Amino acid sequence: MSEPLKCDICGAPATIHLTQIINGNVRKIHLCEKCAAKHDAADLPIIKFAEMLTKKILGEKIGLKSASQQTPEKICPGCGMTNILFEKTQRLGCPQCYETFSRELAEILPKIQGSSQYLDSAGTQKTVANKRSTKKTAKEKSPELSVEQLKELLADAVAHEDYELAAKTRDIIRSREKKKTRRKTVPAKISSPELSKPTGTRKKKGDK
Amino acid sequence: MLQRRSYPIILSSRVRFARNIATENFPGALSPQQRESVKKKILGALEKSEYFRNATVFEMQDLAKAEQALLVERHLISRELQEREGAAVVISPDQKTSVMINEEDHFRIQIVDANSDLVEILSRAKLAEAALASIFKFAFSERYGFLTACPTNLGTGLRVSAMVHLPGLVMDGQMEKVVRALNMCGLTVRGSFGEGSDATGSIFQISNQHTLGIPVEKIADTLQEWLGGIVEQEKNARRRILQRGKAPFFDQISRAYGELRYAFLLSENEGADMLSLIRMACDLGIFPEYVRSRIDELFVESQTAHIIFRQSRGNALKDGDGVDKLRATLFREYFSMIPPPDFSAE
């Protein structure tokens, strides 16, 4: 019916067909036995091989765009670093890259660092406390963030898709709220009216 | 060569901070010309700094390849810095503090000492870091901490490491297990020249894996705690080796001594392996204590760039004076003055 498929590299009849689907985009690669053996097709996972082919071989042979020529989704306004180059080199180009690629970082930081949040010598997370720049809290030198601050941090973490941090923060909030209901008679150091009313009664039940 | 004190098992400790200037792109994202101008700016500012008053500055382009290699072998610069255009290093007179400029980050502040008190070394590194912080505004984010070119250094920018001599664990075949256990505790084990290097002479570099989400003191404490455990494991391995039979071990030591004292050609790796055995024997009282500190120097001096540098300073290398021959001569000269192994102590 149709013509036999040709090898993408040398044009000989193709006997090996690789299909890669990324974000709904289907990419097919056809190879003859010789070219497949030459590039160790059998030993490589399909995605890695397809990626390697598209980036290195096909890019050169049939004019597909190589990694550096692909259209980047994100470009850092500070230094011109692209998401493609960042993925390839695992290096950032300037301080602003950390904002530009915050989504990518949220994905890799838990893997390479086991955390996504800086802790200073006192072991405090500075994010929210400093954003609000409340002199009061600095004066009190409280090493703990308030529930309110934690909630802000939680929202911030969710916004940055840092789900690990979000989960940790959520757990801390929960445990704090539990504690608060236990120490009902002791006036809570930091409590906001909208927090203490509804959660207080609900948590009390769960506590027992 | 500066005389350094020497201790069993732990050869040296190192504390390193990575820092970047807030207003500049990281060195990797700068052109060689831009890197050159950032370097000039940094060096100009450092000249006025009281902290760096007596330090020596080496700009990479002014150094011959052999001189650069010498600094690499002394762990004062990295192999990466050697390759960089627009890079420099600032070294303190005692050679314990060095600041690499325009490596992967604008600053790599490093303190190396034979002392194994990491907390004390950390406090000195903090002083050097503070001296730079008083001049330059570092790239810092409240969310991520100190920003670095590679996210593996992000946060504290702190890498704490110890160079440890573990021949017992290597001979006992336990090293793989130790590496696995340390990896699970957040520590990395590498060869003596860091990533991708071999562990010649049974010398390993153990350092923290993570730099983010842990306060600096905790990073140093964790390594310090585990070092104690590693030292114990190494001592146990050495005990086990001796229990299995003293003769094979003593034979190895004697052969190492014989080779170092009489050989005419020695490669860098072979020399390091022999020195490693003699160092271990020093810890066991088979050689006098003073030999160990000289062995530590010989580990450095017998590396290829040091041999070439030493020779070329006096007179140029003669034909047939290969590095292996010169290395063997260096060892022969020293070991002819050292008494043979005394096994009566064991």
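Above this text sits the structure in question.
These remarks concern the structure in this document. None of the values given here were measured: they were computed from a predicted structure.

## Notes on the state of the cysteines
No. 1: Considering all chains together, one arrives at zero disulfides over all chains under this definition.
No. 2: Free of any disulfide, cysteine 76 of chain A has its nearest neighbouring cysteine sulfur in cysteine 94 of chain A, separated by 3.6 Å.

## Observations concerning helix H6 (residues 175-184) of chain B
Residues and elements named next belong to chain B.
No. 1: Those residues of H6 that sit buried are Met175, Val178 and Leu182. When H6 is viewed along its axis, its buried side chains cluster within an angular range of 60° and face the same direction. Turned more than 90 degrees away from the buried face of H6 sit Glu176, Lys177 and Met184, all of them exposed.
No. 2: Tucked inside the fold, the buried residues of H6 contact helix H5 (167-171), strand S9 (187-191), strand S10 (203-208) and helix H7 (216-244).
No. 3: Phi for glycine 186, located one or two positions after H6, is positive at around 85°.

## Side note on the packing of helix H8 (residues 246-262) of chain B against helix H12 (residues 323-335) of chain B
Residues and elements named next belong to chain B.
No. 1: The contact between H8 and H12 brings their axes to 6 Å, and the two run at 110°. With respect to H12, the element H8 is oriented roughly perpendicular. Here Tyr257, Leu260, Arg261 and Tyr262 of H8 lie close against H12, whose contacting residues are Phe331, Arg332 and Phe335.
No. 2: Residue classes in the contact of H8 with H12 are distributed as five nonpolar, no polar and two charged.

## Focus: the environment of leucine 277 of chain B
Residues and elements named next belong to chain B.
No. 1: Here leucine 277 is to be found in helix H9 (residues 268-283).
No. 2: For leucine 277, a relative accessible area of 10% gives the class buried.
No. 3: Remark: the alpha-carbon pair of leucine 277 and isoleucine 253, spanning 24 residues in sequence, is separated by 6.0 Å.
No. 4: Once residues lying within four places of it in the same chain are set aside, the contact partners of leucine 277 are Met171, Gln252, Ile253 and Ala256.

Cut-offs and rules
- Residues numbered from 1 in each chain as written.
- Chains lettered and ligands numbered in written order.
- Predicted model: local features only at pLDDT ≥ 70, side-chain atom pairs only at ≥ 80, totals over all residues.
- Heavy atoms only, no water.
- Disulfide = S-S within 2.5 Å.
- Buried < 20%, exposed > 50% of the residue type's maximum accessible area, 1.4 Å probe, protein only.
- Helix = DSSP H or I, 4+ residues; strand = E, 2+ residues; numbered from the N terminus.
- Arc of directions from axis to C-beta.
- Contact = heavy atoms within 4.5 Å.
- Axes fitted to C-alpha atoms, helices over the stretch in contact; angles between N-to-C directions.
- Parallel < 35°, antiparallel > 145°, perpendicular 65-115°, else oblique.
- Nonpolar A, V, L, I, M, F, W, Y, C, P; charged D, E, K, R; others polar.

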